[in-house]
Amino acid sequence: MFSPKHILVAVAVAAPDDVSVAAHLVDTAIDVARATGATLTLAYVEPLAVPSMPLDIGMLPTSAMEAMASLREANTTAARKSLHDLLERAKKAGVRADA
């Protein structure tokens, strides 16, 4: 019988749709963990950002670089909050979990 001791759940939570998919994945992992006594580990996986055209970063104005850094920081902050919320979801369900 399938009886994992540890379950790794990789989630990308960069957009609201991602959060709902991640919640479904975590809920499924919670069910398996409850049935087997496994521990969950949630890992944030950052989506690959691919520009629509090749960019020479050195040619971008400073303001554009600052805007991109600000957006990345905001996305990282939101992702951390979402990951924390998913972790709490697992803990409230009575499952050992970490991130």
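One structure accompanies this document, and this report is about it. (Residues numbered from 1 in each chain as written. Predicted model: local features only at pLDDT ≥ 70, side-chain atom pairs only at ≥ 80, totals over all residues. Heavy atoms only, no water.)

With that out of the way, let us pick up the overall build of the protein chain. Scanning the protein chain from N- to C-terminus turns up two helices and three strands. Looking at the protein chain as a whole, 25% of its 99 residues qualify as buried. (Helix = DSSP H or I, 4+ residues; strand = E, 2+ residues; numbered from the N terminus. Buried < 20%, exposed > 50% of the residue type's maximum accessible area, 1.4 Å probe, protein only.)

Relative to the elements of secondary structure, A33 occurs in helix α1 (residues 16-36). You can call A33 buried: its relative accessible area is 2%. Expressed as a C-alpha distance, the spacing of A33 and A90, which sit 57 residues apart in the sequence, is 9.6 Å. Excluding residues that lie within four positions of it along the chain, A33 makes contacts with I7, A38, L40 and V95. (Contact = heavy atoms within 4.5 Å.)

Helix length check: helix α2 (residues 62-92) (31 residues) gives 45 Å between terminal C-alpha atoms against 45 Å at 1.5 Å per residue, within 8%. Taken together, the buried positions of α2 are occupied by A79, S82, L83, L86, L87 and A90. At the exit of α2 stands G94, carrying a positive phi of roughly 85°. (Expected span 1.5 Å × (residues − 1).)

Another point: the pattern of salt bridges. Evaluation of the coordinates by the stated rule reveals two salt bridges. Between R89 and D27 there is a salt bridge whose closest N-O contact spans 2.7 Å. Remark: D27 occurs in helix α1 and R89 occurs in helix α2; sequence separation between them is 62 residues. By relative accessible area, which is 37% here, R89 ends up partly exposed. By relative accessible area, which is 28% here, D27 ends up partly exposed. D85 is the partner of K81 in a salt bridge, and the nearest nitrogen-oxygen pair spans 2.7 Å. Residue K81 and its partner D85 are both found in helix α2; the two are separated by four residues, about one turn of the helix. In this structure K81 comes out as exposed when scored by relative accessible area, which is 53%. The exposure class assigned to D85 is partly exposed, which follows from its relative accessible area of 36%. (Salt bridge = Lys/Arg side-chain N within 4 Å of Asp/Glu carboxyl O.)

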